[in-house]
Amino acid sequence: MKNITANMAGTVLSLLVQAGDTVSSGQDVILLESMKMEVPIQAQADGKIAEVKVSAGDFVNEGDVILVLE
Amino acid sequence: MQKVLIANRGEIARRIIRTCRKQGVAAVAVYSDADKEMPFVREADEALHIGPPPVAQSYLNIDAMIKAAQTAGADAIHPGYGLLSENAVFAERCTAAGLTFIGPPAGVIASMGDKVTARRIMREAGVPVVPGFEGQLETAEEAVAKAQGLGYPLMLKASAGGGGIGMQVVRDDEELRRAFQSAKGRAKAYFGNDTMFLEKYVENPRHIEVQIAADQHGNCLHLLERECSIQRRHQKVVEESPSPFLDQETREKICRAAVEAARAVAYTGVGTVEFIMDEQKKFYFLEMNTRLQVEHPVTEEMTGLDLVAIQLDIARGLPIPLKQEDVKALRHAIELRVYAEDPQTFMPSPGRIVRYQPPVMPHVRIDDGVEAGIQVSPFYDPMIAKVIVSGTTRGEAVARAAEALAAYQIDGIKTNLPFLQEVLADADFQAGDYTTQFIERKNSKRSVGQ
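Below: a short report on this structure. (Residues numbered from 1 in each chain as written. Chains lettered and ligands numbered in written order. Predicted model: local features only at pLDDT ≥ 70, side-chain atom pairs only at ≥ 80, totals over all residues.)

**Concerning the overall build of chain A**
Here is the rule: Each helix is a run of DSSP H or I of at least 4 residues and each strand a run of E of at least 2, with the numbering of both proceeding from the N terminus. We take the radius of gyration over the C-alpha atoms and set the globule estimate at 2.2 Å times the residue count to the 0.38 power. To sort residues by exposure, count the other C-beta atoms lying within 10 Å of each residue's C-beta; 20 or more gives buried, 12 or fewer gives exposed, and values between give partly exposed, all with C-beta atoms placed from the backbone. Our contact criterion uses C-beta atoms placed from the backbone: two residues qualify when those atoms are within 7 Å.
The secondary structure content of chain A amounts to zero helices and eight strands. When the helices and strands of chain A are read in sequence order from the N terminus, they spell out β-β-β-β-β-β-β-β. For chain A, whose C-alpha radius of gyration is 11 Å, the value lies close to the compact-globule estimate of 11 Å for 70 residues. For chain A, the C-alpha atoms occupy an extent of roughly 30 × 20 × 20 Å along the three principal directions. Residues classed as buried in chain A amount to 23% of the 70 residues present. Within chain A, contacts between residues separated by at least 24 positions form 54% of all contacts whose residues are at least 6 apart in sequence.

And the structure:
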């Protein structure tokens, strides 16, 4: 199991992936709103998504787990 | 006026508190949960909690703001910039609650907030506007038909737009067709209004604005210009005055046009008329900001005036204690905006400031909203400070600004301080030769060099 974490604090605007999707490192996985800007957050590893830990409207801190890979 | 509630936060709240104190007026701050440790809360005479961090539930909550003013027994509200400052409904609600809104009447805010209406008023008053089409554009084909009469390149804009959102340059029919639906969709999503219009696109433009002040006795003055062409994502980064691009004749013309623009809407308060200027120094009305600007300290350091004091006087019904001939550029002033962002990518960088040491030097003014230990919140604007530097010449001001930036220490978050230093060191900037494309061009040069 590998975790994908947010590298910045912000509010989740939208999810660009869902459980079951395969992601590769560097791919945009969620869109955050931080300091009045839309900021895409990228996966830090390759794998298949086992669980999405956040939903739109949630606030995440830097380092919070957003996705769990199988 | 004895007690003013400041419906804002950060550096501008502190700035307003300073003038209130000088005038013996009590200042009331409001703060969200994210801001309770911020210096402006501590420095106000009183501070009231207004809600959770998101602005919709705190600094944009009109009911909560009016209630806070009533609870504190304030008799006036200063809206600062951004947030509720250009919200006509808020201005109206203040007045209805018996509170003095420190700004123009609600009707003026509403007419200048709608770009199509503002353009029409200015055109009728003889203020030059960019040639364009102001009617409703419903479909891409209608837009293409109108474009033929105007000629490309054109700028497609949203009437309710701001901050560059819903704005796009189009160079032919095909680009206009492609851009139309998406721009309209974005305008609807962001502003709840998808009225679009077309303007001739001004190539290599400069953004030059004029500060004005008008009282309730019919006095309307300009306080000279500010050159604001150094921008990224349509957000200003460096401003200065006098503009290195203007000759005296053009300066007089543009300042006179700004006074005419303010008179055309029976403006009261301080405000700014923004113009776009082409390479031949022809200028056109862009929009009017019916509030104090972020960059107002440039005018203050250049002229020696206190713009917040002028705002308070006007709101009290006093005449402006100045004549046009008293307004002089005594010094050259430059403002550099410090953003909590990556200096390479301009991506935001919220987080805790672990060390904070602003420069303390003569002729250097720091308007900041933060200190060591503060959490720079992802809920608000990334601008954390402004460095305002003046000199007897532009060269002296630029050299001092470079020293000030070199001495500024902020650790724990990324800031654009290194980027600002690059701007000051740039040969074109030093020559005063730049347009609104300066940053974009500089960055493309930089990525080619890598």
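**Considerations on unusual backbone geometry**
All names here are of chain B. Y152 connects to P153 through a cis peptide bond whose omega is -5°. Inspection of the secondary structure puts P153 in the loop between α7 (140-150) and β7 (154-158). Residues S241 and P242 are joined by a peptide bond in cis, for which omega reads -5°. Looking at where P242 falls in the secondary structure, it is placed in the loop between β12 (235-241) and α9 (248-264). Residues other than glycine seldom take positive phi values, yet L83 does so here, at roughly 40°. By secondary structure assignment, the location of L83 is in the loop between β4 (76-78) and α4 (88-96). Residue classification places L83 among the buried positions, given that 21 C-beta atoms sit within 10 Å. Of note, the phi angle at K281 is positive, near 65°, even though the residue is not glycine. Classification of K281 by C-beta neighbours within 10 Å gives partly exposed; the count is 15.

**Considerations on the sheet that holds strand β1 (residues 2-5) of chain A**
Residues and elements named next belong to chain A. The criterion, for reference: Only when DSSP finds a minimum of two bridges between them are two strands counted as paired.
Spatially, the four strands line up as an open sheet ordered β1-β8-β6-β3, and their pairing is antiparallel. Strands at the two margins of the open sheet, each flanked by one partner only, are β1 and β3 (22-23). Where β1 lies against strand β8 (residues 65-69), four bridges are found, and the strand directions are antiparallel. If you follow T5 over to β8, its bridge partner there is V65.

**As for the interface of chain B and chain A**
What counts is decided by this rule: Amino acid classes used here: Ala, Val, Leu, Ile, Met, Phe, Trp, Tyr, Cys and Pro are nonpolar; Asp, Glu, Lys and Arg are charged; the rest, including Gly, are polar.
Residue-level contacts link nine residues of chain B with nine residues of chain A. The residue makeup of the side of chain B that touches chain A, split by class, is seven nonpolar, one polar and one charged.

**Considering the pairing of strand β9 (residues 196-200) of chain B**
Residues and elements named next belong to chain B. The buried fraction of β9 amounts to four of the five residues, a majority that puts the element mostly inside the structure. One ladder, built from two bridges, connects strand β6 (residues 132-133) with β9; its direction is antiparallel. Counted as the bridge partner of F133 is L198 from β9. Pairing geometry for β7 and β9, over five bridges, is antiparallel. The residue of β9 that forms the bridge with L156 is L198.

**Notes on the pairing of strand β11 (residues 220-232) of chain B**
All names here are of chain B. With respect to burial, β11 is a largely interior element, 11 of its 13 residues being buried. Judged from the six bridges that link them, strand β10 (residues 206-214) and β11 form a sheet pairing that is antiparallel. Of the residues in β11, the one forming a bridge with V210 is E225. The hairpin formed by β10 and β11 contains five residues between the paired strands, and G218 there has a positive phi angle of roughly 90°. Across four bridges, the pairing between β11 and β12 is antiparallel. Among the inter-strand pairings, Q231 is bridged to a residue of β12, identified as K236. Count of turn residues in the β11/β12 antiparallel hairpin: two residues, of which R233 carries a positive phi of about 50°.

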